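# Overview (structure and organization)
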Amino acid sequence: MTETRAAVADGHGTYAIESVGLADPGPGEVLVALRASGVCHTDWDSLHWGRPLILGHEGAGDVIQVGEGVMLCKAGDRVMLNWAIPCGICFQCARGKENICEDRGTVPDSSFVRRAPGKEIASAGAMPARNTGGTGPGAFNASFSLGTMATHALVPQAAVLPLPDRVPYEIGAILGCAVMTGFGSAVNAAHVREGSTVVVLGCGGVGLSTMLGARYCEADRILAIDINPDRLALARQFGATETLLADRNDRGLLQAAAQVRAQTGGRGADYAFECTAVPELGAAPLAMVRSAGTAVGVSGIEKVVLVDMELFEWDKLYINPLYGACRPQRDFPLMLDLYLDGRLPLDAMVTRRYPLEALDRAFADMHSGINAKGVLLPG
Ligand SMILES: [Zn+2]
Ligand SMILES: [Zn+2]
């Protein structure tokens, strides 16, 4: 058993740094000492998932120990983690849709022993729910079967990818969520065409990564929209060819959409990507694209949104890819190569670093919008 110091959510909006015991890796499992963990809006959401869990789903570190039958890595390897842990054989995986695998890899709840002050809480067996870990009374495990906001994580081997020596841990950590989501939404899901015009709403880590994907696809124009001028300046470094400062009071970004149309000969953009995580903007990309254009919901809004169906006129497509339609063994080696070639300027995306104990501050900075991406350094 390995003792880890971990940020543990109570399921009802708060969390604490606690000591958790992790079992030795079982068959197909890997124990990783974490060196970096990205801070993401999903971590904030996971505070409210109604059950205790180890926070964090973006991580990179060093393999400490591997269980029986692990072929993909060995002790001492530098690795990054991906949170959509494909089984490789289910209905969706067989169709190349590993991002929406129906039988994602998990680690049994019994592998986690929580040491609450003065008592030991072993988890009761629980069924996985929504592929994000266990549920039900007594369930305790790790967010997305990773739990990266900790000094150590016990993960299925399909979550692990090699991290080349020259790639910093913090880059590996952000590649595993924000970068994959944005880059993949442009490259894998929307298949942005060469020479096209692309609008990106929201210039946080996911929006900036979407611009990198659009640039990789050789889009001609990339128009970045945000309410924060500093973020628009950053967007230029990530491929934006034009920027538009939106007004906080512009409901549904309809004024901004009118401006986009004016700048595209009255027609609208070929693609628009919503990367704001603001529910009210769920339909905003539809207002930005031309007839038969493609609107993409990148940030994964899961709220009721009122949509004026006229925004779909005409022949518009709205797609809602999970995790940039990630196929880990195809996509991460590509993005790592592009980073090493200097084509993904990801160092500029990591705005601030925090010790594990400063997670409060990291969340506050994320909400205030001053970070493109914040990273915890747990170990
Ligand atoms: Zn994330
Ligand atoms: Zn599968």
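A brief structural summary.

Parameters and conventions
Each chain has its residues counted from 1, running along the sequence as written. For this description, chains carry letters from A and ligands carry numbers from 1, given in the order in which they are written. Confidence filtering applies because this is a predicted model: local features only for residues at pLDDT of at least 70, side-chain atom pairs given and counted only at 80 or more, and all residues used for totals across whole chains, interfaces and linings. Side-chain measures here rest on the full set of heavy atoms in the structure, leaving out hydrogens and waters. Only DSSP runs of H or I covering at least 4 residues are called helices, and only runs of E covering at least 2 are called strands; the numbering of each starts at the N terminus. Contacts are assigned to residue pairs with any non-hydrogen atoms lying within 4.5 Å of each other. As a rule, N, O and S atoms within 2.8 Å of a metal are its donors, except that Na, K and Ca use 3.2 Å; water is not among the atoms, so sites may look incomplete. Donor angles set the geometry label: tetrahedral for four donors if every angle is between 85 and 135 degrees, square planar for four and octahedral for six if opposite donors exceed 155 degrees and the others are between 65 and 115, irregular for anything else. A simple rule labels every residue: compare its accessible area, found with a 1.4 Å probe on the protein chains alone, to the largest value its type can have, and call it buried under 20%, exposed over 50%, or partly exposed in between. Classification of ring pairs uses Phe, Tyr and Trp, with its six-membered ring standing for Trp, and accepts pairs whose centres are within 6.5 Å; under 30 degrees between planes counts as stacked, over 60 as edge-to-face, and the remaining range as tilted. Two limits define a charge over a ring: the Lys NZ or Arg CZ must be within 6 Å of the ring centre, and within 35 degrees of the ring normal. Lines fitted to C-alpha atoms define the axes here, with helix axes fitted over just the stretch in contact, and angles between the N-to-C directions of these axes take values from 0 to 180 degrees. Relative orientations are named as follows: roughly parallel for angles under 35 degrees, roughly antiparallel for angles over 145 degrees, roughly perpendicular for angles from 65 to 115 degrees, and oblique for any other angle. Residues are grouped as follows: Ala, Val, Leu, Ile, Met, Phe, Trp, Tyr, Cys and Pro are nonpolar; Asp, Glu, Lys and Arg are charged; every other residue, Gly included, is polar. In this analysis, the expected span of each helix is defined as 1.5 Å times one less than the number of residues it contains. Note that the arc is defined by the directions from the helix axis to the C-beta atoms. A strand pair is defined by DSSP finding two or more bridges across the two strands.

## Some words on the environment of Leu 47
On the secondary structure map, Leu 47 appears in the loop between helix H1 (41-46) and strand E4 (53-54). Leu 47 has contacts with Ala 9, Asp 10, Gly 11, His 12, Gly 13, Thr 14, Tyr 15, Leu 55 and Phe 363, leaving out every residue within four places of it along the chain.

## Here we look at the coordination of the zinc ion (ligand 2)
For the zinc ion (ligand 2), the full set of protein donor atoms is Cys 87 (SG), Cys 90 (SG), Cys 93 (SG) and Cys 101 (SG), and the range of their distances to it is 2.3 to 2.4 Å. Around the zinc ion (ligand 2), the four donor atoms sit at angles spanning 103 to 118 degrees, and that spread fits a shape best called tetrahedral. Along the chain, the residues that donate to the zinc ion (ligand 2) are spaced as C-x2-C-x2-C-x7-C. Of the residues examined, Cys 93 reaches a relative accessible area of 6% and is grouped as buried.

## Observations concerning the coordination of the zinc ion (ligand 1)
For the zinc ion (ligand 1), the full set of protein donor atoms is Cys 40 (SG), His 57 (NE2), Glu 58 (OE) and Cys 177 (SG), and the range of their distances to it is 2.1 to 2.3 Å. In this structure, the zinc ion (ligand 1) is surrounded by four donor atoms whose angles at the metal cover 96 to 133 degrees, and the resulting shape is tetrahedral. In primary sequence terms, the donor set of the zinc ion (ligand 1) follows C-x16-H-E-x118-C. One end of the pair, Glu 58, is in the loop between E4 and strand E5 (59-66); the other, Cys 177, is in helix H3 (residues 169-189), and 119 residues separate them in sequence. Classification of Glu 58 as buried rests on a relative accessible area of 0%.

## Some details on the packing of aromatic side chains
For the coordinates displayed, the defined rule picks out seven aromatic pairs. Here the aromatic rings of Tyr 15 and Phe 363 are separated by 6.1 Å at their centres, their planes lie at 70 degrees, and the arrangement is edge-to-face. Of this pair, Tyr 15 sits in strand E2 (residues 15-22) while Phe 363 is found in helix H9 (residues 359-368), placing the two residues 348 residues apart along the sequence. What makes Phe 363 buried here is its relative accessible area of 2%. Aromatic rings pair up to connect Trp 49, Trp 83, Phe 144 and Tyr 323 into one cluster. In this structure, Arg 78 is placed above the aromatic ring of Tyr 169, and the distance from its NZ or CZ to the ring centre is 4.3 Å. Arg 95 extends its terminal NZ or CZ atom over the ring of Phe 91, reaching a point 3.7 Å from the ring centre.

## Describing the packing of H3 against helix H8 (residues 328-340)
The geometry of H3 relative to H8 is characterised by a closest axis approach of 10 Å and an angle of 105 degrees between their N-to-C directions. Between H3 and H8, the angle falls in the class roughly perpendicular. Taking contact as the criterion, the partners of Ile 171, Leu 175, Gly 176, Val 179, Met 180, Phe 183 and Asn 188 in H3 are, on H8, Arg 330, Asp 331, Phe 332, Leu 334, Met 335, Leu 336, Leu 338 and Tyr 339. Looking at the contact of H3 with H8 residue by residue, the classes come out as eleven nonpolar, two polar and two charged.

## Here's the deal with H8
In this model, H8 (13 residues) spans 18 Å end to end at C-alpha, consistent with the 18 Å of a helix rising 1.5 Å per residue. Of all the residues in H8, the buried ones are Pro 328, Asp 331, Phe 332, Met 335, Leu 336, Leu 338 and Tyr 339. One side of H8 carries all its buried residues, which in axial view fall inside an arc of 160 degrees. In this fold, the buried residues of H8 make contact with strand E6 (78-81), strand E11 (160-162), H3 and helix H4 (205-216). Immediately beyond the C-terminal end of H8, within one or two residues, lies Gly 342, with a positive phi of roughly 80 degrees.

## Details of the sheet that holds strand E13 (residues 221-226)
Here we have six strands laid out as an open sheet, ordered E14-E13-E12-E15-E16-E17, and parallel in their pairing. Strands at the two margins of the open sheet, each flanked by one partner only, are strand E14 (242-245) and strand E17 (317-319). Neighbour to neighbour, the strand axes of the sheet diverge by 15 degrees on average, direction disregarded. In the packing of helix H5 (residues 229-237) onto the sheet, contacts are made with E13 and E14, and the angle to E14 comes to roughly 170 degrees.

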